[in-house]
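Below are the chains, spelled out letter by letter.
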Amino acid sequence: MNENWTLFKRNLAEFWKTFRKNRLGLLGAFLVITSILVATFAPWLSPYSPSDIIRDEGGHGLTFASPAVHAPLGTDDAGHDVWSQLVHGARISLMVGFMAGFIAMFVGSLFGILAGYFGGAVDNLLMRITDILLVIPDLPLMLILVATIRQLDLKISPLTVLIAVIGLLYWTSTARLIRSQVLTIKERQFVARARAIGAGHGHIIRKHILPQIMPLIVANTVLILSTAILVESGLAFLGLGDPTKPSWGTMLNFAFDRSAVTNGAWWFYLPPGLAIVWVTLGCVLLGNVLEEMLNPRLTAHHLEGDQNMVTVPGKGVE
Amino acid sequence: MTAPMLEVRNLYKYFPIRQSLTDLLRRKPADYVKAVDGVSFTLERGEVLAVVGESGCGKTTIARTLIGLEEQTDGEILFHNETVGAHERRARAGLVPLESGGVGTREQQVLPRMSMKRLRQQAQMIFQDPYESLNPRATILEIVAEPLVVHGLARGREERIARVKTALEEAGLRPAEDYFLRYPHELSGGQRQRVVIASAMVLQPELLIADEPVSMLDVSIRAEILNLLRDLRQKRGVSIVFITHDLSTVAYFADRLAVMYLGRIVETGPAREVLANPQHPYTRALISVIPVPNPRQRRERVILQGETPNPIDLPTGCRFHPRCPIATAECGKIDPPWHAVSPTHQAACLRIEQGTP
Ligand SMILES: Nc1ncnc2c1ncn2[C@@H]1O[C@H](COP(=O)(O)OP(=O)(O)OP(=O)(O)O)[C@@H](O)[C@H]1O
Ligand code: SF4
Ligand SMILES: [Mg+2]
């Protein structure tokens, strides 16, 4: 245990050494971390509950009030504080995005590893499933799925439905990426050596394949998160979110439903839009930088640090 | 007489070539890369057998088949008189048009079988490329301990570390603790090959199969690694199949020598004897191009003409005849049988019998 901890600290320190030099990566990390912090501490950051109605002295609800001291981002059509909604919406958006993203990452990695490692019939089956999902247009499929599941009245919360549908549709690119990586890794000599030692498939996948693709999985997950958050916003904007637990997409849906635009209430629709951009941009920046830093294809770890590599074996005797 | 530790009988390994759709439709018979085409040899305990030959003659394929990474197309591998290899699944071997005449189903062998797992405790392979044969994301401790973990040996942490330490120190990495937490990319090529050797020796196997263990290394460190292997053989009594394309390392190291050409052994015998009195023209050509330290003693070099024929369409008769400097018309027709030069030294060449070479 002790040496694992030492190693972990050392690896982390090494990672940080390169990462901190990357401005885009730092910016991405900043955007992602701030939004996570806001979501975590939402109740402490919001002056009101999202459902509180702000009233004037006469007790009338302040509808479409422009930003002012008591409502930092103004109010919506019903007199709710937009800032409080935005901060609480971060919780919903990020929760759905993260959970869907992790499901997608898990399914995609599993399919990719099994297809790539075992090849043959397993590969064929899994990749045909992937192909089918890949050719069906996502948006109509999701709309139909979400609507159908709702019709069934299964007493599943709408957010759970969203998480499941997004998570189970957005793993295909991960699966293909991981599969192609596994295909090259399994041909490498250290895998043959593990087989020659007598290692079984489970051992080889855990100890030899997974450690090579883990960085890729991490980077890809961050990228998938941005997609998941974006898709969630899209679906919620189309009215498929949970109106009792509004995410940023739901806020946009409300804003457009209740003619925030014609009322000139930019403080109602602009903040959730920008918040979505904030998070997804953060994830994309961070994900791309991580991928660049960690992708085994781009760094070729094993070739580093030794010039002897160029001594090509003699071509035998000619 | 007891059985030899390792016996290989008529080993064949053909790789089928993917056919194009048109060939399939025309029912053209499948082509094969005849990587190993009827190889037999034995190895005693503590003995070093060098297998020498040009690139592509099937050396690595023999090694991979011995350790069970490839399934032989035909032939028998006996380890302590027990068969190894997955040949029970090879009822389909009958589908392969073997030149040995082995078409049709082969009679069932009645020899006891050794499980792959047991074989892999007793035989270990050293791969050619130390830059590729170590998992870049595993520490040296994990790498050397892996065989113990895989075989469920030395379960206690203390014992495992002790065995890893011994193996590393025997492989010349001292003090071993300094290497435990390092990654392969922090080591030099020679050090990495020592790690590979340590990991192969941690189970104390009886047989090492070393596939060109030094060809990827800097010339300056080759001798060190060869010395290490020689010491291990002396101290541990381990037998070694030493694969190389470099005849100059053979004299130094091997007891016996097998010269391969296009999937076959063409000459075999005690290393000194073969080097001093080569019979097959191919062996002679190989020996003639070994660099000699004293330029005044330079031998006449036999430079072979032409390319190695591809192992798909092998030449008829003697497979060496298109490049043989002393070939006769007969050589294109007759596949030369073994000719005993001495009781332990044999060569497969028609013209030995005629007394010419
Ligand atoms: N998996 C495979 N599929 C098809 N052909 C193969 C395969 N492995 C090896 N071969 C072919 O078998 C022949 C022998 O290859 P092998 O690697 O055993 O040669 P080698 O003597 O080890 O050569 P080198 O000195 O280059 O390592 C070559 O023609 C090679 O192309
Ligand atoms: S049999 Fe003929 S071709 Fe073959 S090695 Fe001997 S002389 Fe050369
Ligand atoms: Mg080879």
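Below is a short write-up of the structure. Small disclaimer: the values here were computed from a predicted structure and weren't measured. (Residues numbered from 1 in each chain as written. Chains lettered and ligands numbered in written order. Predicted model: local features only at pLDDT ≥ 70, side-chain atom pairs only at ≥ 80, totals over all residues. Heavy atoms only, no water.)

1. So, the overall build of chain B
Tallying secondary structure elements over chain B gives twelve helices and twelve strands in all. The buried share of chain B, taken over its 357 residues, is 55%. Taking contacts inside chain B between residues at least 6 apart in sequence as the whole, the part at least 24 apart equals 66%. Accessible surface computed for chain B: about 15,900 Å², of which carbon and sulfur atoms make up 50%. (Helix = DSSP H or I, 4+ residues; strand = E, 2+ residues; numbered from the N terminus. Buried < 20%, exposed > 50% of the residue type's maximum accessible area, 1.4 Å probe, protein only. Contact = heavy atoms within 4.5 Å. Areas by Shrake-Rupley, 256 points an atom, 1.4 Å probe, with all protein chains shown as cover.)

2. Considering the site of ligand 2
All names here are of chain B. If you check the shell around ligand 2, you find His-280, Pro-281, Cys-318, Phe-320, His-321, Cys-324, Ile-326, Ala-327, Cys-331, Cys-349, Leu-350 and Arg-351 and nothing else. Judged by the fraction of its atoms near the pocket grid, ligand 2 is located in the largest cavity. A per-class count over the shell around ligand 2 returns nine nonpolar, two polar and one charged. (Near = heavy atom within 4 Å. 1 Å grid on protein atoms, 1.4 Å probe; cavity = no way out; pocket = protein on both sides within 12 Å on 5 of 7 lines; lining within 4 Å. Sits in = over half its atoms within 2 Å of the grid points. Nonpolar A, V, L, I, M, F, W, Y, C, P; charged D, E, K, R; others polar.)

3. So, the nonpolar core
All names here are of chain B. Formed by 64 residues in total, the largest nonpolar core has its most connected members in Val-144, Leu-168, Ile-240, Phe-242 and Leu-257. In this view, Phe-242 contacts Val-48, Leu-49, Ala-50, Val-51, Ala-210, Pro-213, Leu-226, Leu-229, Thr-249 and Phe-253; residues no more than four positions away in its chain are not counted. Residues Leu-69, Ile-209, Val-241 and Ile-243 belong to the second largest nonpolar core, which totals 32 residues. (Core = buried A, V, L, I, M, F, W, Y, C linked by side-chain atoms within 4.5 Å.)

4. A few points about helix α11 (residues 248-257) of chain A
Residues spaced three or four apart along an α-helix face the same direction, because each turn holds 3.6 residues. Residues and elements named next belong to chain A. Burial analysis of α11 places eight of its ten residues in the buried class, the great majority of the element. All buried positions along α11 are accounted for by Trp-248, Gly-249, Thr-250, Met-251, Leu-252, Asn-253, Phe-254 and Ala-255. On its buried face, α11 is in contact with α4 (82-118), α10 (201-240) and α12 (266-294). Looking one or two places after α11, you find Ser-259, whose phi comes out positive at around 45 degrees.

5. Details of the pairing of strand β4 (residues 74-79) of chain B
Residue and element names in this part refer to chain B. Burial analysis of β4 places six of its six residues in the buried class, the great majority of the element. Of the two faces of β4, the one holding Asp-74, Glu-76 and Leu-78 and the one holding Gly-75, Ile-77 and Phe-79 are both buried throughout. Pairing analysis gives five bridges linking strand β1 (residues 6-16) to β4, with the strands arranged antiparallel. Paired with Leu-6 across the bridge in β4 is Phe-79. When β4 meets strand β5 (residues 82-84), the two strands line up antiparallel, connected through three bridges. When the bridges of β5 are listed, Ile-77 appears paired with Val-84. The loop that links β4 with its antiparallel partner β5 comprises two residues; one of these, His-80, has a positive phi angle of about 50 degrees. (Pairing = 2+ DSSP bridges.)

6. Brief notes about the site of ligand 1
Residues and elements named next belong to chain B. Residues in contact with ligand 1 amount to 13 residues; listed here are only the nearest, Ser-55, Gly-56, Lys-59, Thr-60 and Thr-61. Between ligand 1 and Cys-57 there is a distance of 3.2 Å, counted from an oxygen atom to a backbone nitrogen or oxygen. The side chain of Glu-212 places a nitrogen or oxygen atom 3.2 Å from an oxygen atom of ligand 1. For ligand 1, whose unbound accessible area comes to 640 Å², protein coverage reaches 63%. Of all the elements in the fold, those that place two or more residues in the shell around ligand 1 are β2 (32-43) and α2 (59-66). No other element matches the three residues that α2 contributes to the shell around ligand 1. For the shell around ligand 1, the class distribution of residues is five nonpolar, five polar and three charged. (Polar contact = N/O pair within 3.5 Å; in protein donor to acceptor, adjacent residues only side chain to side chain.)

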